[in-house]
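# Coordinates in review
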Amino acid sequence: MMVQTLEDDGFTMIPFGQGFRDMSPPTKELMRLVLERRINHGGHPILRWNMDNAFVRTDPAGNVKIDKEKSTEKVDGAVAMVMGLDRAMKNQNSGESVYDDRGLLILG
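Quick summary incoming for the structure in this document. (Residues numbered from 1 in each chain as written. Predicted model: local features only at pLDDT ≥ 70, side-chain atom pairs only at ≥ 80, totals over all residues. Heavy atoms only, no water.)

### Describing the pattern of salt bridges
Under the criterion given, the structure shown has five salt bridges. Between Arg32 and Glu29 there is a salt bridge, and its shortest N-O distance comes to 2.5 Å. Of the two residues, Arg32 and Glu29 both sit in helix H2 (residues 20-35), three residues apart, roughly one turn of that helix. In this structure, Glu36 engages Arg32 in a salt bridge whose closest nitrogen and oxygen atoms are separated by 2.9 Å. Arg32 gets classed as partly exposed once you look at its relative accessible area, which sits at 33%. Connected through salt bridges with shared partners, the residues Glu29, Arg32, Glu36 and Arg38 form a single ionic network. (Salt bridge = Lys/Arg side-chain N within 4 Å of Asp/Glu carboxyl O. Helix = DSSP H or I, 4+ residues; strand = E, 2+ residues; numbered from the N terminus. Buried < 20%, exposed > 50% of the residue type's maximum accessible area, 1.4 Å probe, protein only.)

Below is the structure:
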């Protein structure tokens, strides 16, 4: 119902699964960027808390994802970061941004 409401309001919705197939590439990229100290979150306390809570599960094929069930507490910000990174990875060579035409939208 939320997807339909957002689409009715003019938003483009992109399906994103929570399984290994969708989550593994951006999770591996996030892990790489963190190890290289290339992520700057400005010390955001909730994101830091979410990342500290995250448990990463690996399947037999070597795919990884944040496991919400095994994580100690909330990990929503960490999962959102992985999902946002996926969109950035898929659009990094497009040369265009939706923000070039319309700017930021504030939900409220």
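### Observations concerning the nonpolar core
If you look at the biggest cluster of nonpolar residues, it comprises 10 residues: Phe16, Met23, Leu30, Leu33, Ile66, Val75, Ala78, Val79, Val82 and Leu85. Elements represented by at least two residues in this core include exactly H2 and helix H4 (76-91). Among the elements that make up this core, the one with the highest residue count is H4 (four residues). (Core = buried A, V, L, I, M, F, W, Y, C linked by side-chain atoms within 4.5 Å.)

### Digging into the packing of helix H3 (residues 45-53) against H4
Viewed as axis vectors pointing N to C, H3 and H4 meet at an angle of 90°, and their least axial separation amounts to 7 Å. Taken together, the axis directions place H3 and H4 in an arrangement best described as roughly perpendicular. For the pair H3 and H4, contact is made by Leu47, Asn50 and Met51 and by Asp76, Gly77, Ala78 and Met81, respectively. Tallied by class, residues from the contact of H3 with H4 come to four nonpolar, two polar and one charged. (Axes fitted to C-alpha atoms, helices over the stretch in contact; angles between N-to-C directions. Parallel < 35°, antiparallel > 145°, perpendicular 65-115°, else oblique. Contact = heavy atoms within 4.5 Å. Nonpolar A, V, L, I, M, F, W, Y, C, P; charged D, E, K, R; others polar.)

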